[in-house]
Amino acid sequence: MLSIFAQADIPDIQWLPLIPHVVMAGAAVVLLTIVSVAGRWLPRWFPAAWTVAAGLAVLATAIPVWIRAWQEGPHSVVAGSIGVDGFSVFIIVLLACTVVLTALVVDGFLHRESLDGPAFYVLLMLSATGGITMASANNLIVLFLGLEILSLAVYVLVAMHLRRAESQEAGIKYFVLGAFASAFLLYGIALVYGATGSLNLIGIEGALRTNDLSDNGLLLAGMAMLLVGFGFKVAAVPFHAWTPDVYQGAPSPVVSYMAAGVKAAGFAALLRVFFAGFGEVADEWQPVVFGLAIASLAVGSLMAIVQTDVKRILAYSSISHAGFILVGVQAATHDGVASVLFYLAAYAAMAIGSFAVVTVVSGPGDEGTALDNLRGLASRRPLLAAAFTVLLLSQAGIPFTAGFWAKFEVITAAVDARSFWLAVIAMLAAVVAAFLYLRIVVAMFLDAPDPDAPRLTIPRGPAVAITIVVLFTLAFGIYPEPLLNLAEDALLSISLTAH
Amino acid sequence: MGGSTVLPVIIFLPLVGAAAIALIAPSRSMVLKPVAVATSAATGALTLWLMAAFDKNDGDFQFTQLTEWIGSAGISWHVGVDGISLFLVVLTGVLFPLAIVACDPPHDAKAYYIWLLVLETGCLGVFLSLDLVLFFLFFEVVLIPMYFLIGSWGHDNRKYAATKFFLFTMLGSALMLVGMLTLALLAKDYSDTGEITFNLIELANSAGELPTITARWIFLSFALAFAVKVPIFPVHTWLPDAHTEAPTAGSVILAGVMLKLGTYGLVRFGLYLFPEASRYFAPLLFTLGVIGILYGAVVATMQRDLKRLVAYSSVAHLGFIVLGIFSINTEGIEGGLLQMVNHGLSTGALFLLVGFIYERRHTRQISEMIGLQKAAPVLAAVFTVVMLSSVGLPGLNGFVGEFLILAGAFVAHRWWAVVAAAGVILAALYLLWAYQRVFHGTPDDANRSMPDLNWQEKLVMVPLVGLIVFLGVYPKPVIERMEPAVTALIEHMEQVEGFESPTVDNRPTGSFNELRTLTDDYGSDEGEGH
């Protein structure tokens, strides 16, 4: 313990890894201040531009952290509660990109819905701050704080569309169920503390290494409750019940962020705690994750088939994707972690792009999200339809898209860990899921357009965002090596000191 | 980076054409077709050059190119051609320009030509890939152009057919991906370097070291994917729908080229990578092949829709090819390979002819057509030749292939060959009967005025009929190029597994007369090689 405090006395080293957190949170607070003081003189696009700049600034500040993690190896700072490793930097970069892209999508949306104002962007950045904290927390309390910061902001974001009852309803639903999940998580933390005597992942890992706690009821119950909490955040079956309703009710750009950002943060925390913290007792939690993965894959892809609302289809498909990512988690190997990171990055691109298209198509009031609204989109807006098709095919895991390599990596990790049957089930679920993406493609390309359909305008922000994610999807679909290497270098390992 | 660059040029030339078409302004839509024809014809010319430059005495891969692509995952850009893939590449190169010339799309010409050319790149990539992942990528990606071709330009029930086609094929290949990864990861443990690789040749060389049971499971995952694509009974149900609903060019490519992706895969990735498992499961597969021959023939006889009849005839013909491949001897495999080309030519031509009739009569119902011979004598004459080739009439290409297959199968599994031979008779039954109903008789008012083939359609049929006759009379150039590769494959299997391929002493070296002497030798060789 002494060494921890000894290290905590060196503040000039410790601030560096915290800069991304500070920049993201600071940008949110400063934006709120600027707009409340000088709001009337600022152009309408100012909050969006500010948020994009903040996201890019976080990207820039992540670089020195990455270099430091690379040079000194993974280590922890601030009394061992914040991890400095490639894994956390990868997620931070991913979240920053998510914030930038979501801000671009939100811009046109708020204007269309007459919801202009800074609140949306402030909450977005605050939520991302929570996500960044979750991704780098090596202490369960810090992790919980991150999760709450992330969640509280998202609860409000979901209910942000003031004139839509569905949005309000979704907000309440998400809040009540989310509060339950947080309670589970907190109780789990308490039980794990009781079993291992530590709240710090390094301490927990040490306790598990030196003592055989594999049949300790307290620890097992604690781990189970933690899984419930994380399972809720990443929308894994059976903790998924909120997903379709909330995705359908929430403003479409918020769903972009939820599917890409919140899921990434949830999986980051899950991996940190279970792979790095509970790695010693992987045999105990792997079967449970195995079950969650199969349930998510099956329910996600099968339930999506009977939906008629695009947002609900994509909600169920996000559950199925969570199942796929859990396949990588279940492997409990470094390759598995790398595959999860790659999958999260690829999925973030597809999810943001897909919901950006939904945002554009849904029209005033954010109501036009039925499959019928996409009918004949190819003849009305050929480029938009083509972009959406690329993103959907990527979700289906068709070659020469990033989504293919995401599935490829996850399946490789599963096969390498000798989980053949899980790999087989995952691929079968992918085929079922392909059907629902095809349904959307059929609607866009093969169905005749509705002659009364209003003319679609595509604001510049979403257009830029969609272009970026489509290029990302295709570029890394054809040559995935750089991203694969990055994911493999983003080593997740916790230790107190640099080596 | 090393080796010949001709294969990448062949693979990507159609893609370049597709990109060029994408850039053509809508106001200049009249140049769409010329560009598509020119690109695919240039690709076809290159494949013909490839055939001429091919060293016929070399059983190994030629024109290979190997360069690292995704190094960390052991995936490389590795292409090459041997006697097994050569003629499928040529077939692809020949059929695409003909299909593009023959049929004009009723709407959205630009997208139509783009998808066709993308499809050609995908098909060529499948035949030329020597890396498992690269192969898989091409194998999967061909689904998308075909999906859109069926879905956008197909007949009434096109959405259903397109989706069914996509999902069936994807289901098969989903498991193949798991099998592929398992194979590569297990082979890594046995390899000297300890590095993962998806290089086909390296994996084949370590093929004998896999545990037998594991290899059999992995083989099954591959075989299922190919069985769906071929399609082998009972996973053939997507085929009649897809073929019938597809636009004419789509049917031609689907039957002519895409079905061969499956049979080619069985040879290249089934036999080559899993010699023991192939032999272990051979009885299952050739039995299914024989069932397919009979089932396809019987169901084809019952069809009222001419296009559907041709589609079911494919099930029967592909059954023959599977029977030949899983005889696992030189005659059978060569016959199977030759029959792949033959089926591509004759069924491709049949779909074209059915398409021509449909464009004139706007129906595919056999009962609504009568006496077309009087109205369209040239069409009828061409149809006769093509149909007889499909039946397997001596002197036309179908006979040579079926004969070799039956010869190989007879040596390996006599009674299956006997039953399969009955399929030849059934083929004559359903095709001749269909011909009789459609072309003979006195035409009624609707059929009397049907125009004959125009010059463009005649132009397309000339090379097809020419090849059908040429390969029937003189198949030697094809067989002698296949032979070294097939012999090498058999030797590889024998060496890995230590079995002796069932064979006859006198191998056919190609010419028709030599084939005839083969029959005479059966009596003296009976009882050997079992």
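Residues numbered from 1 in each chain as written. Chains lettered and ligands numbered in written order. Predicted model: local features only at pLDDT ≥ 70, side-chain atom pairs only at ≥ 80, totals over all residues. Heavy atoms only, no water.

1. Observations regarding the pattern of salt bridges
Pairing between side chains of opposite charge can happen when their charged atoms approach one another. All names here are of chain A. Here the structure, examined in full by the defined rule, presents 24 salt bridges over all chains. Salt-bridge contacts for Asp 85 lead to Arg 272; the nearest nitrogen and oxygen are separated by 2.8 Å. Taken together, the residues span a long stretch of sequence, with Asp 85 in the loop between strand S2 (82–84) and helix H4 (86–112) and Arg 272 in helix H11 (residues 252–277) at a distance of 187 residues. For Lys 173, the salt bridge is made with Glu 169, and the minimal N-O distance between the two is 3.3 Å. Here Lys 173 and its partner Glu 169 are both found in helix H7 (residues 165–196), four residues apart, which amounts to about one turn of the helix. Classification of Glu 169 as partly exposed rests on a relative accessible area of 47%. A network of salt bridges, in which partner residues are shared, links Glu 169, Lys 173, Asp 245 and Arg 312. (Salt bridge = Lys/Arg side-chain N within 4 Å of Asp/Glu carboxyl O. Helix = DSSP H or I, 4+ residues; strand = E, 2+ residues; numbered from the N terminus. Buried < 20%, exposed > 50% of the residue type's maximum accessible area, 1.4 Å probe, protein only.)

2. Some thoughts on the packing of aromatic side chains
In total, this model carries 47 aromatic pairs over all chains according to the counting rule given. Ring geometry for Phe12(B) and Trp77(B): centres 5.5 Å apart, planes at 25 degrees, overall stacked. With Phe12(B) in helix H1 (residues 6–23) and Trp77(B) in strand S2 (residues 75–81), this residue pair connects regions lying 65 residues apart in the sequence. Of the residues examined, Phe12(B) reaches a relative accessible area of 32% and is grouped as partly exposed. With relative accessibility at 13%, the residue Trp77(B) sits in the buried group. Through successive ring pairs, a cluster of aromatic residues spans Phe135(B), Phe139(B), Phe219(B), Phe222(B), Phe226(B), Phe269(B), Phe274(B), Tyr280(B) and Phe281(B). It is Arg40(A) that lies over the ring of Trp41(A); its NZ or CZ is 5.7 Å from the centre. The ring of Phe324(A) has Lys407(A) sitting right over it, with the charged end atom 4.6 Å from the ring centre. (Phe/Tyr/Trp six-rings, centres within 6.5 Å; stacked < 30°, edge-to-face > 60°. Lys NZ or Arg CZ within 6 Å of the ring centre and 35° of its normal.)

3. What to know about helix H3 (residues 46–72) of chain A
The end-to-end C-alpha separation of H3(A) is 39 Å, in line with the 39 Å expected for 27 residues at 1.5 Å each. Positioned one or two residues after H3(A), Gly73(A) has a phi angle of 80 degrees, which is positive. (Expected span 1.5 Å × (residues − 1).)

4. What about the interface of chain B and chain A?
With 34 residues of chain B at the interface, the matching set in chain A holds 36 residues. Across the interface of chain B and chain A, roughly 3200 Å² is buried in total on both sides, 82% from carbon and sulfur atoms. The interface formed by chain B and chain A holds one salt bridge in total. For Asp447(A), the salt bridge goes to Lys159(B), with nearest N and O atoms at 2.6 Å. Applying the counting criterion to the chain B and chain A interface returns four residue pairs in polar contact (both at pLDDT 80 or more). (Contact = heavy atoms within 4.5 Å. Buried area = accessible area lost by both parts, 1.4 Å probe. Polar contact = N/O pair within 3.5 Å; in protein donor to acceptor, adjacent residues only side chain to side chain.)

5. Regarding the nonpolar core
Counting residues in hydrophobic clusters, the biggest one holds 401 residues, and the most contacted among them are Phe278(A) and Met461(B). The element that contributes the greatest number of residues to this core is helix H14 (residues 334–362) of chain A, accounting for 21 residues. Sequence-distant contacts of Met461(B), that is, excluding residues within four places in its chain, are made with Ala349(B), Leu352(B), Leu353(B), Phe356(B), Val382(B), Val386(B) and Leu453(B). (Core = buried A, V, L, I, M, F, W, Y, C linked by side-chain atoms within 4.5 Å.)

6. Looking at helix H11 (residues 248–271) of chain B
Taking 1.5 Å per residue, 24 residues should reach 34 Å; H11(B) reaches 33 Å between its end C-alpha atoms and fits that length. When the local axis directions of H11(B) are compared, the greatest deviation, roughly 40 degrees, occurs at Leu254(B). (Bend = angle between axes of the 7 residues up to and from the residue.)

7. Re the confidence of the model for chain B
A residue-level look at chain B finds 93% of positions with pLDDT of 70 or above and a mean pLDDT of 86. Note that pLDDT drops below 50 for residues 505–530 of chain B; the model gives that stretch 42 contacts with residues more than four away or on any other chain. (pLDDT = per-residue confidence, 0-100.)

8. Digging into the side chain of Ser419(A)
Residue and element names in this part refer to chain A. Mapping Ser 419 onto the fold places it in the loop between helix H17 (402–416) and helix H18 (420–446). Classification of Ser 419 as buried rests on a relative accessible area of 10%. Among the polar contacts made by the side chain of Ser 419, one reaches the side chain of Gln 330 at a distance of 3.1 Å. Apart from residues no more than four positions distant in its own chain, Ser 419 is found in contact with Gln 330 and Ala 414.

9. Observations concerning the packing of H3(A) against H4(A)
All names here are of chain A. Look at H3 against H4: their axes get within 9 Å of each other, and the N-to-C directions meet at 170 degrees. The orientation of H3 relative to H4 falls into the category roughly antiparallel. Counting all contacts with H3, which are made through Ala 48, Thr 51, Val 52, Gly 55, Leu 56, Val 58, Leu 59, Ala 62, Val 65, Trp 66 and Ala 69, the residues of H4 involved are Gly 86, Val 89, Ile 92, Val 93, Ala 96, Cys 97, Val 99, Val 100, Ala 103, Leu 104 and Asp 107. Tallied by class, the residues present in the contact of H3 with H4 amount to 18 nonpolar, three polar and one charged. (Axes fitted to C-alpha atoms, helices over the stretch in contact; angles between N-to-C directions. Parallel < 35°, antiparallel > 145°, perpendicular 65-115°, else oblique. Nonpolar A, V, L, I, M, F, W, Y, C, P; charged D, E, K, R; others polar.)

10. Here's the deal with a nonpolar patch on the surface
Residue and element names in this part refer to chain A. Together, Leu 152, Ile 172, Phe 175, Val 176, Leu 177, Phe 180 and Phe 184 line one region of the surface with nonpolar side chains, adding up to about 640 Å² of accessible area. In terms of residue count, the dominant contributor to the nonpolar patch is H7 (six residues). Note on placement: Val 176 falls in helix H7. Taking relative accessible area as the criterion, Val 176 reaches 41% and is therefore assigned partly exposed. (Patch = residues over 30% accessible without salt bridge, like charges linked within 9 Å, V, L, I, M, F, W, Y side chains within 5 Å. Areas by Shrake-Rupley, 256 points an atom, 1.4 Å probe, with all protein chains shown as cover.)

11. Quick look at the environment of Val246(A)
Residue and element names in this part refer to chain A. Considering the arrangement of structural elements, one finds Val 246 in helix H10 (residues 242–249). In this structure Val 246 comes out as buried when scored by relative accessible area, which is 0%. With 88 residues separating them along the chain, Val 246 and Val 158 place their C-alpha atoms 7.5 Å apart.

12. A closer look at unusual backbone geometry
Pro238(A) follows Val237(A) through a cis peptide bond whose omega is 10 degrees. When you line up the elements, Pro238(A) lands in the loop between helix H9 (217–234) and H10. Pro231(B) follows Val230(B) through a cis peptide bond whose omega is -10 degrees. Tracing the chain through its elements places Pro231(B) in the loop between helix H9 (212–229) and helix H10 (238–245). Of note, the phi angle at Phe400(A) is positive, near 65 degrees, even though the residue is not glycine. When you line up the elements, Phe400(A) lands in the loop between helix H16 (382–396) and H17. You will see that Asp108(B), though not glycine, has its phi angle at about 50 degrees, which is positive.

13. Quick notes on the environment of Leu285(B)
Residue and element names in this part refer to chain B. Of note, Leu 285 is situated in helix H12 (residues 275–302). Given the relative accessible area of 6%, Leu 285 is considered buried. Linking Leu 285 and Gly 319, residues 34 residues apart in sequence, is a C-alpha distance of 9.4 Å. Beyond its immediate stretch of four places on either side in the chain, Leu 285 contacts Phe 219, Ile 232, Val 322 and Phe 326.

14. Remarks on the pairing of strand S1 (residues 62–70) of chain B
Residues and elements named next belong to chain B. By the bridge criterion, six bridges tie S1 to S2 in an arrangement that is antiparallel. Across the sheet, Thr 67 pairs through a bridge with Trp 77, a residue of S2. Where S1 folds back onto S2 in an antiparallel hairpin, the turn is made up of four residues, including Gly 74, whose phi is positive at roughly 70 degrees. (Pairing = 2+ DSSP bridges.)

15. Some remarks on the packing of helix H3 (residues 83–102) of chain B against helix H20 (residues 455–473) of chain B
Residue and element names in this part refer to chain B. At a minimum axis separation of 9 Å, H3 and H20 run at an interaxial angle of 155 degrees. The orientation of H3 with respect to H20, classified from their angle, is roughly antiparallel. For the crossing formed where H3 meets H20, the hand is left-handed. Contact with H3, carried on its side by Val 94, Leu 95, Leu 98, Val 101 and Ala 102, involves Gln 456, Val 460, Pro 463, Leu 464 and Leu 467 of H20 and no other residues of that element. Of the residues that constitute the contact of H3 with H20, the class distribution is nine nonpolar, one polar and no charged. (Left-handed = near helix turned anticlockwise from the far one by under 90°.)

16. With respect to the pairing of S2(B)
For a regular strand, side-chain orientation follows a simple rule: the groups alternate between the two sheet faces. Counting buried residues along S2(B), seven of its seven residues qualify, which places the element largely inside the surrounding structure. Side chains Ile75(B), Trp77(B), Val79(B) and Val81(B) project from S2(B) onto one buried face, and the interleaved Ser76(B), His78(B) and Gly80(B) project onto a second face that is buried too.

17. With respect to the environment of Val58(A)
All names here are of chain A. Within the secondary structure layout, Val 58 lies in helix H3. The class of Val 58 is buried, set by a relative accessible area of 0%. Along the sequence, Val 58 and Met 125 sit 67 residues apart, while their C-alpha atoms lie 11 Å from each other. With residues near it in sequence (within four places) discarded, Val 58 still touches Pro 20, Val 23, Met 24, Ile 92, Ala 96 and Ile 132.

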